[in-house]
Amino acid sequence: LISPNRIEYVLADRRGCRVFSDGQWLRINESLSSLASRLPGRQFVQASRFAVVNLDHIVSIQAKSHGDHVVELRDGVEVTLSRTRRAELYSRLGR
């Protein structure tokens, strides 16, 4: 289907998840956790219960209220980074 290198991020929704790549998205009838388990762990990180992001597409991380952060991706999309996932992401980015 889609090469993992081309996947920018994945968002969960009620019917499965949406995979975003090259300015388009594709609906997958699979849970986010199931799909995430099949993506290369060195390249992807779960940002929240609802989002997985490709580390290569992260531009910046901005602090928000209550300890949450927002991950900005190359295409300008902002994905919430939960407090419980923050340490893992910073570690994976070498920060």
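It should be emphasised that the depicted structure is a prediction, and the values quoted were computed from it without experimental measurement. (Residues numbered from 1 in each chain as written. Predicted model: local features only at pLDDT ≥ 70, side-chain atom pairs only at ≥ 80, totals over all residues. Heavy atoms only, no water.)

Novice: Please clarify how the pairing of strand S7 (residues 69-73) should be interpreted in this entry.
Specialist: Burial within S7 is extensive, with 4 of its 5 residues counted as buried. Pairing of strand S6 (residues 58-63) with S7, which is carried by 5 bridges, proceeds in the antiparallel orientation. By the bridge assignment for S7, serine 60 is matched with glutamate 72. Between S6 and S7, which pair antiparallel in sequence order, lie 5 residues; one of them, histidine 66, sits at a positive phi of approximately 60°. Between S7 and strand S8 (residues 78-81), which pair antiparallel one after the other, the connecting turn spans 4 residues, and glycine 76 there sits at a positive phi close to 90°. (Buried < 20%, exposed > 50% of the residue type's maximum accessible area, 1.4 Å probe, protein only. Helix = DSSP H or I, 4+ residues; strand = E, 2+ residues; numbered from the N terminus. Pairing = 2+ DSSP bridges.)

Novice: Help me out: how do you make sense of the nonpolar core in this one?
Specialist: Side chains that are nonpolar tend, in soluble globular proteins, to be buried together. Judged by nonpolar contacts, the single largest core of 14 residues is most densely connected at Val53, Ile58, Val71, Leu73, Val79 and Leu89. When contributions to this core are tallied by element, the ones reaching two or more residues are strand S4 (44-48), strand S5 (51-54), S6, S7 and S8. Ignoring anything within four residues of it in the chain, the contact list for leucine 73 reads Glu8, Tyr9, Val53, His57, Ile58, Val59 and Val79. Core analysis: the second largest hydrophobic core is formed by 10 residues, Val10, Leu32, Leu39 and Phe44 among them. (Core = buried A, V, L, I, M, F, W, Y, C linked by side-chain atoms within 4.5 Å. Contact = heavy atoms within 4.5 Å.)

Novice: Looking at this model, I keep getting lost on the sheet that holds S8. Mind explaining?
Specialist: Two orientations exist for strands paired in a sheet by backbone hydrogen bonds: parallel and antiparallel. Reading across from one edge, S6-S7-S8 is the order of the 3 strands in this open sheet, with antiparallel pairing throughout. One side of each edge strand has no neighbouring strand; the edge strands of this open sheet are S6 and S8. On average, adjacent strands in this sheet sit at an angle of 25° to one another, irrespective of strand direction. The sheet contact formed by S7 and S8 spans 4 bridges and is antiparallel. Across the sheet, the residue bridging to histidine 69 is leucine 81, located in S8. (Axes fitted to C-alpha atoms, helices over the stretch in contact; angles between N-to-C directions.)

Novice: Looking at this structure, how should I read the packing of aromatic side chains?
Specialist: By convention here, two paired aromatic rings are described through the distance between centres and the angle between planes. Counted under the stated rule, the structure contains 2 aromatic pairs. Seen from their ring centres, tyrosine 9 and phenylalanine 20 are 4.3 Å apart, and the 10° between their planes marks the pair as stacked. Remark: phenylalanine 20 occurs in strand S2 (residues 16-21) and tyrosine 9 occurs in strand S1 (residues 9-13); sequence separation between them is 11 residues. According to the relative accessible area criterion, phenylalanine 20 is buried, its value standing at 11%. A ring pair is formed by phenylalanine 20 and tryptophan 25, whose centres lie 6.5 Å apart and whose planes are at 40°; its orientation type is tilted. For tryptophan 25, a relative accessible area of 47% translates into the label partly exposed. An aromatic cluster is defined as three or more aromatic residues linked by ring pairs; in this entry it consists of Tyr9, Phe20 and Trp25. (Phe/Tyr/Trp six-rings, centres within 6.5 Å; stacked < 30°, edge-to-face > 60°.)

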